[in-house]
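# Examining the three-dimensional arrangement
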Amino acid sequence: METTAYEFNQNASKILAAAERGESITVTKNGRPVAILSPVSGKDAPVSPYPTDPMGEDPDAPVFHSESPVDWPAGRGDSLEGFGA
């Protein structure tokens, strides 16, 4: 795989995930190769092709569950008071 420095900057997490899956990536700048990203051997964990979170899933993270549904069409009104809205 080959990518430009700009593309790497914009899509770093996807490109690093590709390296983690086993691909070698050549990064170019102004049409010439400047770096090669290669996978670290010995990594057995499966990697999602498109990670949903740059820091990975956290099964221990707390999840908020509301007792009542949020009425989004009613607007945010008082909740933004004091924030300059």
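Here goes a summary of the coordinates provided. Because the structure is a prediction, the values reported are computed rather than measured. Position labels on residues start from 1 in each chain and follow its written sequence. Given that this is a predicted model, residues contribute local features only at a pLDDT of at least 70 and side-chain atom pairs are listed and counted only at 80 or more, while totals for whole chains, interfaces and linings are drawn from all residues. Note that the side-chain values use all heavy atoms of the structure and ignore hydrogens as well as water.

Bringing the pattern of salt bridges into the picture now. Opposite charge on two side chains makes pairing possible when the charged atoms of those side chains draw close. Salt bridge, as used here: a side-chain nitrogen of Lys or Arg that lies within 4 Å of a carboxyl oxygen of Asp or Glu. Enumeration according to the criterion identifies one salt bridge in this entry. When the shortest N-O distance is used, the salt bridge between R21 and E23 registers 3.6 Å. Burial classification: accessible surface area is computed with a 1.4 Å probe over protein chains only, and a residue below 20% of its type maximum counts as buried, one above 50% as exposed, and the rest as partly exposed. Its relative accessible area of 33% is what places E23 among the partly exposed residues.

Strand pairing follows a simple DSSP-based rule, namely that at least 2 bridges must link the two strands. Secondary structure elements follow DSSP: runs of H or I no shorter than four residues count as helices, runs of E no shorter than two count as strands, and numbering proceeds from the N terminus. Inspection of the sheet shows strand β1 (residues 2-4) paired to strand β2 (residues 25-29) by three bridges, in the parallel sense. Directly across from E2, in β2, lies its bridge partner T26. In textbook terms, the turn of a hairpin is the stretch between consecutive antiparallel strands, and for β2 and strand β3 (residues 32-37) this stretch comprises two residues, one of which, N30, has a positive phi near 55°.

Another point: helix α2 (residues 12-20). By the burial criterion, the buried members of α2 are I15, A17, A18 and A19. When checking whether two residues touch, look at their non-hydrogen atoms; a contact exists if any pair is within 4.5 Å. Its buried side turned inward, α2 meets β1, α1 (5-10), β2 and β3. Once α2 finishes, G22 follows within two positions and takes phi at roughly 120°, a positive value.

On the secondary structure map, L16 appears in helix α2. The exposure class of L16 is partly exposed, given its relative accessible area of 44%. Put simply, L16 and P39 are 23 residues apart on the chain and 8.8 Å apart in space, counted from C-alpha to C-alpha. With sequence-adjacent residues up to four places away left out, L16 is seen in contact with F8 and L37.

Spatially, β1-β2-β3 is the arrangement adopted by the three strands of the open sheet, whose pairing is mixed. Because the sheet does not close on itself, it has two edges, and the strands there are β1 and β3. Each strand axis lies, on average, 30° off the axis of its neighbour in the sheet, ignoring direction. Convention adopted: a line fitted to C-alpha atoms gives each axis, helices being fitted over their contacting stretch, and angles between N-to-C directions are expressed from 0 to 180 degrees. Packing of α2 onto the sheet brings it into contact with β1, β2 and β3, and relative to β2 it is tilted by some 145°.

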